[in-house]
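Survey of secondary and tertiary structure
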Amino acid sequence: MNKFMEMLEKFLMPVADKLNNNRYLTALRDGFMVALPLIIFGSIFVVIANLPFLDRLIGEEAFGTYQGALSSASNATLTIMGLFVIIGIGYKLTQSYEGEAIYGGVAALAAFLILTPQVLEGVEGVIPTTSLGAQGMFVGIFTAFLAAELYQYFTRKGFTIKMPEGVPSAVARSFSALIPMTFTLTTFLVVRIIFDITRFESVQDFIYTVVQAPLTALGAGLPATIVAVLLIQLFWFFGLHGQIIVNSVFDPIWYALANENLLAFQDGEALPHIVSKQFIDSFIVGMGGSGMTLAVIIGIFIIGKSRQMKELGKLGAPAGIFNVNEPIIFGLPIIMNPLVLIPWLLAPVVVAVFTYFTMAAGIVPAPTGVIVPWTTPMILNGALATNSWQGGVLQAINLFIVLIIWWPFLRIMDKQFYETERKH
């Protein structure tokens, strides 16, 4: 076991360190965090607009009017979530270079809009919201990275207008950004013109066909999900925030899948994906935190005879209800504890597989794409994510599965603690 752990540590620690310190993955993660409050706001109103059985209570016509009145909340946030992510990535990446972050953010947004094709309606061109949501997500991410880098490159090269002393700082910064912004956006305009004459006709179609569609298909499958879950658990075992590290890579895929589900849900169509952002957040993380440690806390209360276990259960329970599990991870401990490695790795994988096939069989609806705040307690979390009571029941079953897997290991730990306490 020690040799196995040493091998894992030797392999994982350098990888995790590189991922944690990668400028682009950090900007990507923080960019999504910028958009998260808006995404949750829109998700809340999607839930309110689609309350179960409300159409039967107030009638189809009144229900349609009710949904129309609330639709602006999701249309102005979830439907165009890509725009907020783009601004966030551009801002955070430029900030990491200690540049004028706001100009990096708006440069990323403007570059994306230049690349986005418009549809002619009458005498005016309009941008389809599909290009601003799931389908345009990957283009937006690449554009934000490149736009921020170009803006910083031209700034570092000194292509700026320097205003004389005494000019207000806001005015000086604006003129300083003028030439780098012009060069950056001109670059994207040239790219747009080049793609106009290719068979793809736009950057969006190229990225969607060559990059996004294959990655989305891969991320929507069970094997990739199992790999992601295992990596989350392994990183946590070695004291690294596995959720942040893995999400930095998988979030663009999971959010795109969630957005496609949301559009289908709003249109009353069959949901295209089982795996999405909320599949991970509600049915794995949303049960006490990474590793579903709320089941561990319940097991501690049932099994615990040692004073250490009892106190740990009291300490971890209030936080665990809201999916904060640091008291358990550091207090049990889970980090670098070979005794819990098996249940720590096994339980989330079993639950992921069970949840996937339960949803694939139609027993429980797949997540609708609504983003539920991660601190929402389980049962309610699952019900909101799937817009059904079955989602809450599935979480309860998953909790029982985790408890069964952890049971013998908790008994061994409690016995060790109890015997040690008796000796003292």
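Everything that follows concerns the structure shown earlier in this document.
Below, the structure is looked at part by part. (Residues numbered from 1 in each chain as written. Predicted model: local features only at pLDDT ≥ 70, side-chain atom pairs only at ≥ 80, totals over all residues. Heavy atoms only, no water.)

1. Quick look at the overall build of the chain
Rule in force here: Under the DSSP-based scheme used, a helix requires at least four consecutive residues in state H or I and a strand at least two consecutive residues in state E, with every element numbered from the N terminus. The globule rule used for comparison is 2.2 Å times the number of residues to the exponent 0.38, while the radius of gyration itself is calculated over C-alpha atoms. Each residue gets one of three labels from its accessible area relative to the maximum for its type: buried under 20%, exposed over 50%, partly exposed in between, using a 1.4 Å probe on protein chains only. Between two residues, a contact is recorded if the distance between any of their heavy atoms is within 4.5 Å. Here, Shrake-Rupley sampling with a 1.4 Å probe gives the accessible areas, and only protein chains in the shown set may cover a residue.
Broken down by element type, the chain carries 18 helices and 2 strands. What you see for the chain is a C-alpha radius of gyration of 24 Å, in line with the 22 Å of a compact globule of 424 residues. Dimensions along the principal axes, computed over C-alpha positions, put the chain at roughly 80 × 60 × 45 Å. By the burial criterion, 49% of the 424 residues in the chain qualify as buried. Partitioning the intrachain contacts of the chain with sequence separation of at least 6 by distance along the chain shows that 73% fall at a separation of at least 24. Put simply, the chain shows about 19900 Å² of open surface, and 67% of that area lies on carbon and sulfur atoms.

2. What to know about the packing of aromatic side chains
The following threshold applies: Centres within 6.5 Å make a pair out of two Phe, Tyr or Trp rings, where for Trp the six-membered ring is used; the pair is then stacked when the planes are under 30 degrees apart, edge-to-face when over 60, and tilted otherwise. Our definition puts a charge over a ring when NZ of Lys or CZ of Arg is within 6 Å of the ring centre and also within 35 degrees of the ring normal.
Summed over the entire model, instances satisfying the criterion amount to 9 aromatic pairs. For the pair Phe195 and Phe206, a centre-to-centre distance of 5.5 Å together with 55° between the ring planes defines the contact as tilted. Highlighted residues: Phe195 in helix H8 (residues 169–196) and Phe206 in helix H9 (residues 203–219), separated in sequence by 11 residues. Classification of Phe206 by relative accessible area gives partly exposed; the value is 28%. When the ring centre of Tyr97 is taken as reference, the NZ or CZ atom of Arg156 above it lies at 5.6 Å.

3. Focus on the packing of helix H6 (residues 101–115) against helix H7 (residues 137–156)
Heads up, the rule is: Think of each axis as a best-fit line through the C-alpha atoms, taken over the contacting stretch in the case of a helix, with angles from 0 to 180 degrees between the N-to-C directions. Angular relationships are summarised with four words: roughly parallel below 35 degrees, roughly antiparallel beyond 145, roughly perpendicular across 65 to 115, and oblique for the angles in between. Put simply, a crossing is left-handed when the front helix is turned counterclockwise from the back one by less than a right angle, and right-handed when it is turned clockwise.
At their nearest, the axes of H6 and H7 sit 8 Å apart, and the two run at 130° to each other. It follows from the interaxial angle that H6 and H7 lie oblique. For the element pair H6 and H7, the recorded crossing hand is right-handed. Here H6 contributes Tyr103, Gly104, Ala107, Ala108, Ala111, Phe112 and Leu115 to the contact with H7, which in turn contributes Val139, Gly140, Thr143, Ala144, Ala147 and Tyr151.

4. Points about the nonpolar core
Across soluble globular proteins, nonpolar side chains show a tendency to be buried alongside one another. Where we set the bar: Side-chain atoms within 4.5 Å are what join buried Ala, Val, Leu, Ile, Met, Phe, Trp, Tyr and Cys residues into a set we call a nonpolar core.
Ranked by internal contacts, the top residues of the largest apolar core, which has 112 residues, are Trp254, Ile300, Leu332, Ile334, Trp344, Met359 and Trp406. The leading source of residues in this core is H7, at 11 residues. Setting aside chain neighbours within four positions, we find Leu332 in contact with Val296, Ile300, Gln308, Met309, Leu312, Pro327, Val340, Trp406, Met413 and Phe417.

5. Concerning H6
In plain terms, the rule: What a helix is expected to span follows from its residue count: subtract one and scale by 1.5 Å.
For H6, spanning 15 residues, the distance from its first C-alpha to its last is 22 Å, which sits close to the expected 21 Å at 1.5 Å a residue. Elements that come into contact with the buried residues of H6 comprise helix H5 (81–96), H7, H8 and H9.

6. Structural notes on the side chain of Asn325
Relative to the elements of secondary structure, Asn325 occurs in the loop between helix H14 (307–321) and helix H15 (326–331). Residues contacting Asn325, with those up to four places away along its chain left out, are Gly288, Gly289, Ser290 and Thr293.

7. Points about unusual backbone geometry
A cis geometry characterises the amide bond from Leu332 onward to Pro333, with omega recorded as -10°. Mapped onto the fold, Pro333 is located in the loop between H15 and helix H16 (341–360). Unlike most non-glycine residues, Glu98 shows phi in positive territory, near 60°. Mapped onto the secondary structure, Glu98 falls in the loop between H5 and H6. For Ile379, which is not glycine, the phi dihedral falls at a positive 80°. Among the structural elements, Ile379 can be located in the loop between H16 and helix H17 (380–386).

8. Here's the deal with a nonpolar patch on the surface
For clarity, the threshold we go by: Like-charged residues are merged into a patch within 9 Å and nonpolar side chains (Val, Leu, Ile, Met, Phe, Trp, Tyr) within 5 Å, provided each residue has over 30% relative accessible area and no salt bridge. Take a side-chain nitrogen of Lys or Arg and a carboxyl oxygen of Asp or Glu: if they are within 4 Å of each other, that pair is a salt bridge.
On the surface, a cluster of nonpolar side chains totalling about 300 Å² of accessible area is made up of Met163, Val171, Phe175 and Leu178. Among the structural elements, Phe175 can be located in helix H8.

9. Concerning the environment of Phe200
Mapping Phe200 onto the fold places it in the loop between H8 and H9. Each residue touching Phe200, except ones within four places of it in the same chain, is listed here: Asp205, Phe206, Thr209 and Val210.

10. Details of the pattern of salt bridges
What the rule picks out here adds up to 5 salt bridges. When the shortest N-O distance is used, the salt bridge between Asp196 and Arg192 registers 3.4 Å. With a gap of 4 residues between them, Asp196 and Arg192 both fall in helix H8, about one helical turn apart. A salt bridge links Asp251 to Lys277; the nearest nitrogen and oxygen atoms lie 2.8 Å apart. Of this pair, Asp251 sits in helix H11 (residues 242–266) while Lys277 sits in helix H12 (residues 277–285), placing them 26 residues apart in sequence. Taken as a pair, Asp251 and Lys277 share a single burial class, namely buried. Overlapping salt bridges, with partners in common, bring together Asp251, Lys277 and Asp281 in one network.

11. Quick word on the side chain of Glu149
Convention followed: Each polar contact in these results corresponds to two N or O atoms within 3.5 Å; when the atoms are within protein, one needs to be able to donate a hydrogen and the other to accept it, and residues that are neighboring in sequence are counted only if both atoms are side-chain atoms.
Assignment of secondary structure puts Glu149 in helix H7. A distance of 2.5 Å separates a polar atom in the side chain of Glu149 from a polar atom in the side chain of Tyr24.

12. Looking at helix H10 (residues 222–237)
Between the first and last C-alpha of H10 there are 23 Å, a value that for 16 residues agrees with the 22 Å anticipated at 1.5 Å per step. What H10 keeps buried is the set Leu222, Ala224, Thr225, Ala228, Val229, Ile232, Gln233, Leu234, Phe235, Trp236 and Phe237. Within two residues after H10, Gly239 carries a phi angle of roughly 85°, on the positive side.

13. Some remarks on the packing of H16 against helix H18 (residues 389–423)
Selection criterion: Residues were grouped as follows: Ala, Val, Leu, Ile, Met, Phe, Trp, Tyr, Cys and Pro as nonpolar; Asp, Glu, Lys and Arg as charged; and all remaining residues, including Gly, as polar.
Contact geometry of H16 with H18 gives a least axis separation of 10 Å together with a crossing angle of 155°. Here H16 lies roughly antiparallel to H18, going by the angle between them. Regarding H16 and H18, the two cross each other, and that crossing is right-handed. The residues of H18 that touch H16, namely those facing Ile342, Pro343, Trp344, Leu346, Ala347, Val350, Val351, Phe354, Thr355, Thr358 and Met359, are Leu394, Ile397, Asn398, Ile401, Val402, Ile405, Trp406 and Phe409. Here the residues of the contact of H16 with H18 are counted per class, giving 16 nonpolar, 3 polar and no charged.

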